[in-house]
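Listed below are the residues making up each chain.
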Amino acid sequence: MKIVYSEIKKLLPGPNLPKPKRLMRDLTLIGHFVDGLERKNKETIISLEIKQNRPDCLGYLGIAKDLAALYNLKLKEPSVCLPPIDKNITLPIKIRTKNQVTRVMAIKISSLNNHPSSDWLKKILKLHDINSINTIVDLTNYIMLLWGIPNHAFDTQKSTDRLIWETNKNKFKTFTSLDNTKVTLEKDTLQIHNNQDVLSLAGIVGGQNSGVGLETKEIIIEMAIYNPKRVWLDSKKLNITTEASIRLEKQLDPQLIPSAFNHLVKLILENCQGKITSAQYDYYPQPKKQPIINFKPQSPGLFAGIKIETEFAQKILKKLGCQVTKKGANLWRVVPPSLRSDLELEEDLVEEVIRFWGYQNIPTDQPISAKILPDITPKIVYLIEAVKNCLVNLGYDEVRSWPLIKKSQFFKAYFLPQEAKPIYTQNNVNDRYPLLRASIISSLEIQNYQYQKLKIPQRRFFEIGKIFYQVDHNYQERWSLGVFDQSEKKLTKKINLFYQELGITKSLKIIPRRFGGGVMIEIDLEDLVNQLAQIPKIIILKPSQLTNGAAQELTGQIIDLDANLIFSQKKDPKKLIEKYQTKFRPDILWQLVVLDIYPKENYHQNQSTTIRQNKKSSVLPIKTYKYTLRAFYYNCSAQEAKKIHQRIFGKKV
């Protein structure tokens, strides 16, 4: 988003608007991050990074409103009064896709005198890298820059008065945009057509068959807001990104349309003459309702840790357009303006007050209050920390995996109710994994399979995560623990030690599940936390204190390199590993494994026996065996690992 300093000054006239450099700093401090400043044609242009939740600031007026609140300035809003309109002439507009169109306003203007744009209009567009076309088209772009809402003009001699908003049902196959680009239309693309031709890709770009030129005498102006998701999908499918689509992919304010629309109509009448020849069309079936927020005026000070006067909070909220009604000494009822879709909770209002107070004004050299606040952290958070530390001390590695699984991987934890059913995801990132897991064991099975593919010899690991299910169409989730070990005897012994560490002496129900050369158990952490009066604090032991074969915390990258060794006879893999392990320094070898053993038949003449028969020779193969070893290095760089690997195995890597 670019703003021209002189244009901001027009909206905030007077001597009190700071110079550009200070303005840049202050814009960043109130959350509009400045990422550049340039001088062009004797103008200062500031580039801003607008947050996703502040679509109101995609136009000059939104930025100006924040600056008016910050500097206590009066905003000069444009006058938008129109001459009387004949309400008897209605436009034949149809909206046939109710759930994709939020609001549409349209009007017909005739007897126009279109012409090249005035210098002021050409200049402001050029500063925003927009080419000047003609006065009508340029005014539509100017209004988009000022108000942040895209709009469009149709030449009725080309388009007719009939405008139909509808998603494509394969009726139309192609579309030619204003810049003469031919587009193959996708199914369900939102479009505006007249039953014969597609006139515009709604929210993205207009078409050649309705474009406004210097000869245009009559137009229909429309301004609309759509379902942001629909605009985003259409833009990505068609690979078309425009200034309009960037804005309409966000939650723009439909209640801002009348002011922006009337301002556009007024500018066209002033600059191109003409007269209004239809009633104003306004489609707005579900008017937006603003939330009512209960706000405690002392909250900003409590959150910031400093004293913020309630008078300041009230002044800022009103400056931002909020309706503030006092319901008592310590409670206000606040209704935010419709253009601030990001204000929904009391915390949102608190953030507004603090950011205009100034984060830089919160002192960093004052002691924090000695008041001890109550601990509101759920007990299960402390239990999870204790469980992780305990299992690591017992020699298990922690893994983390996706909660999404295939249908074939669905397994239900034994402690879930009998009537528990799976949850299917919507708009999932991968159609092969449509279910949320209802057991951690489903994830452990996948992890074990991956470890087996990598031929990891010692597999002992655990995962703590949430499982998901539904009962009577109500969605539920629970914290669960899954543990895998290749030995059931060792697992049983260590789980008993695990319970002792947590302070549980009575035996608990454990149902093992055998899979993939090992055994798994699952424990309900929600039930476990209720059995503990106090969560013990378990500290992770240092490596030298850990039990035999226990997990160690890695502080650097592990580098794995392979070596292929050829032998004329079979070798015992264990002895082969023992032989080569002695060639490594213990501090750099993490693990050495045999990945693969593969018999080979060689036919090289100089290595084989030749049998002559009927003056012909045949070559008998010599059988050899290829062993693939993988060495895992740590405590060294990748370059060092390659040198060591080449020295030991005599192979280039």
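Remarks on the side chain of Asn114
Stage number 1. With respect to the element layout, Asn114 can be found in the loop between strand S5 (101–112) and helix H4 (119–127).
Stage number 2. Here Asn114 is in contact with Asn134, Thr135, Ile136, Val212, Gly213, Leu214, Thr216 and Cys272, once residues within four sequence places are set aside.

Some remarks on the state of the cysteines
Stage number 1. Counted according to the given criterion, the structure contains zero disulfides.
Stage number 2. Of all cysteine sulfurs in the structure, the one in Cys322 sits closest to Cys57, which takes part in no disulfide; the separation is 14 Å.
Stage number 3. Exposure remark for Cys57: the relative accessible area of 0% places this residue in the buried category.

Some remarks on the packing of helix H11 (residues 310–319) against helix H12 (residues 346–357)
Stage number 1. Relative orientation of the contacting elements H11 and H12 amounts to 100 degrees, with a least axis distance of 10 Å. Taken together, the axis directions place H11 and H12 in an arrangement best described as roughly perpendicular. Residues Phe312, Ala313, Ile316 and Leu317 of H11 form the contact with H12, whose participating residues are Leu349, Glu352, Val353, Phe356 and Trp357.

Some details on helix H13 (residues 379–393)
Stage number 1. Over its 15 residues, H13 runs 21 Å from end to end, which matches the ideal 21 Å to within 8%, given 1.5 Å per residue.
Stage number 2. Every buried residue of H13 is accounted for by Ile380, Leu383, Ile384, Ala386, Val387, Asn389, Cys390, Leu391, Val392 and Asn393.
Stage number 3. Buried residues along H13 sit in contact with strand S23 (460–471), strand S24 (474–485), helix H15 (488–502) and helix H16 (525–531).
Stage number 4. One or two positions beyond H13, positive phi appears at Gly395, with a value near 100 degrees.

Describing the sheet that holds strand S22 (residues 435–436)
Stage number 1. Reading across the sheet, the three strands line up as S20-S22-S21 and stay open at both edges, with antiparallel pairing between neighbours. Looking at which strands have only one partner, the edges of the open sheet turn out to be strand S20 (404–405) and strand S21 (423–424).
Stage number 2. Taken together, the two bridges between S20 and S22 define a ladder with antiparallel strand orientation. Directly across from Leu404, in S22, lies its bridge partner Leu436.

Remarks on the confidence of the model for the protein
Stage number 1. When pLDDT is averaged across the protein, the result is 90; 93% of the residues are at 70 or more.
Stage number 2. Note that residues 604–616 has pLDDT below 50 and, in this model, 15 contacts with residues that lie over four places away or in other chains.

Quick look at the nonpolar core
Stage number 1. In terms of nonpolar packing, the biggest core is built from 82 residues, with Trp165, Tyr226 and Ile268 touching the most fellow members.
Stage number 2. Setting aside its immediate chain neighbours within four residues, Ile268 contacts Ile109, Leu112, Ile136, Leu139, Ile219, Ile221 and Gln273.
Stage number 3. Membership of the second largest hydrophobic core comes to 29 residues, among which are Leu391, Ile464, Val483 and Ile495.

Considerations on the pairing of strand S10 (residues 190–193)
Stage number 1. Both faces of S10 are covered, namely the face carrying Leu190 and Ile192 and the face carrying Gln191 and His193.
Stage number 2. Relative to S10, strand S7 (residues 163–167) is paired through four bridges, and the arrangement is antiparallel. What sits directly across from Trp165, in S10, is Ile192.
Stage number 3. Pairing of S10 with strand S11 (residues 198–201), which is carried by three bridges, proceeds in the antiparallel orientation.

Regarding the packing of aromatic side chains
Stage number 1. Applying the stated criterion across every chain, the model contains 13 aromatic pairs.
Stage number 2. Seen in terms of ring centroids, Phe295 and Trp332 are 5.8 Å apart; in terms of plane orientation they differ by 45 degrees. Their pairing is tilted. In this pair, Phe295 is assigned in strand S16 (residues 293–295) and Trp332 in strand S18 (residues 331–335), connecting sequence segments 37 residues apart. The same class applies to Phe295 and to Trp332, which are both buried.
Stage number 3. Measuring from centroid to centroid gives 5.2 Å for Tyr451 and Phe461, while their planes differ by 90 degrees, and the two rings are edge-to-face. Of the two residues, Tyr451 sits in helix H14 (residues 440–453) while Phe461 sits in strand S23, which places them ten residues apart along the sequence.

Examining unusual backbone geometry
Leaving glycine aside, a negative phi is the common case for residues, and trans is the common case for peptide bonds.
Stage number 1. For Asn195, which is not a glycine, the phi torsion comes out positive at approximately 85 degrees.
Stage number 2. Note that Asn195 resides in the loop between S10 and S11.
Stage number 3. With phi around 60 degrees, Asn635 is a residue other than glycine that occupies positive phi space.
Stage number 4. When you line up the elements, Asn635 lands in the loop between strand S31 (622–633) and helix H18 (638–649).
Stage number 5. A residue is classified by how much of its surface remains accessible, and Asn635, at 54% relative accessible area, is exposed.

Reading the values: the criteria
Residues numbered from 1 in each chain as written. Predicted model: local features only at pLDDT ≥ 70, side-chain atom pairs only at ≥ 80, totals over all residues. Heavy atoms only, no water. Helix = DSSP H or I, 4+ residues; strand = E, 2+ residues; numbered from the N terminus. Contact = heavy atoms within 4.5 Å. Disulfide = S-S within 2.5 Å. Buried < 20%, exposed > 50% of the residue type's maximum accessible area, 1.4 Å probe, protein only. Axes fitted to C-alpha atoms, helices over the stretch in contact; angles between N-to-C directions. Parallel < 35°, antiparallel > 145°, perpendicular 65-115°, else oblique. Expected span 1.5 Å × (residues − 1). Pairing = 2+ DSSP bridges. pLDDT = per-residue confidence, 0-100. Core = buried A, V, L, I, M, F, W, Y, C linked by side-chain atoms within 4.5 Å. Phe/Tyr/Trp six-rings, centres within 6.5 Å; stacked < 30°, edge-to-face > 60°.

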